[in-house]
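Inside the fold
The chain contents come next:
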Amino acid sequence: MPTFEELKRLICENKNEPEVWFIINGKEYMIIGYEGKCSFQRCGAKGTGSGEFYYGSLDELYTAETVDGIILKRDWDRITEIYSYDLDVYTRSVLLRS
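For the structure given in this document, a descriptive report is provided here. (Residues numbered from 1 in each chain as written. Predicted model: local features only at pLDDT ≥ 70, side-chain atom pairs only at ≥ 80, totals over all residues. Heavy atoms only, no water.)

Some thoughts on the overall build of the protein
Looking only at helices and strands, the protein has three helices and five strands in total. For the protein, the sequential pattern of α-helices and β-strands runs α-β-β-β-β-α-α-β. Looking at the protein residue by residue over its 98 residues, the buried ones come to 38%. At a minimum sequence separation of 6, the contacts of the protein that also span at least 24 residues come to 39%. With the model as given, the accessible surface of the protein reaches about 5800 Å², and the carbon-plus-sulfur share is 49%. (Helix = DSSP H or I, 4+ residues; strand = E, 2+ residues; numbered from the N terminus. Buried < 20%, exposed > 50% of the residue type's maximum accessible area, 1.4 Å probe, protein only. Contact = heavy atoms within 4.5 Å. Areas by Shrake-Rupley, 256 points an atom, 1.4 Å probe, with all protein chains shown as cover.)

Here it is in structure tokens:
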């Protein structure tokens, strides 16, 4: 399981709007890194997704209360799965908590 700092470094090094998905409390969420900002959202079919909420930086997102009351700084250890097609060009990177 990568730390937030490790994930932040990978996102910042990739300039192609990388998408990172993860599971907390059985729900899927996504971070998208953009030039100078990032977004956070709950994934889901029409009506169950949250839409994108924008933050000025990954550090701002990390400490903000987000969708469903999630605060990544507090809840990082509750992530049960994390993956990104953009940050691992060879395979789907799925890191499960042991």
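A look at the side chain of T66
Following the sequence through the fold, T66 ends up in the loop between α2 (58-63) and α3 (72-75). Setting aside residues up to four positions removed in sequence, T66 forms contacts with F40, Y55 and L61.

What about the nonpolar core?
F22, I31, F40, L61 and L72 are the most contacted members of the largest nonpolar core, which has 21 residues in total. Listing elements by their share of this core, those giving two or more residues are α1 (4-13), β1 (19-24), β2 (27-34), β3 (37-42), α2 and β5 (79-83). Setting aside chain neighbours within four positions, we find L72 in contact with F22, I24, I31, F40, L61 and Y62. (Core = buried A, V, L, I, M, F, W, Y, C linked by side-chain atoms within 4.5 Å.)

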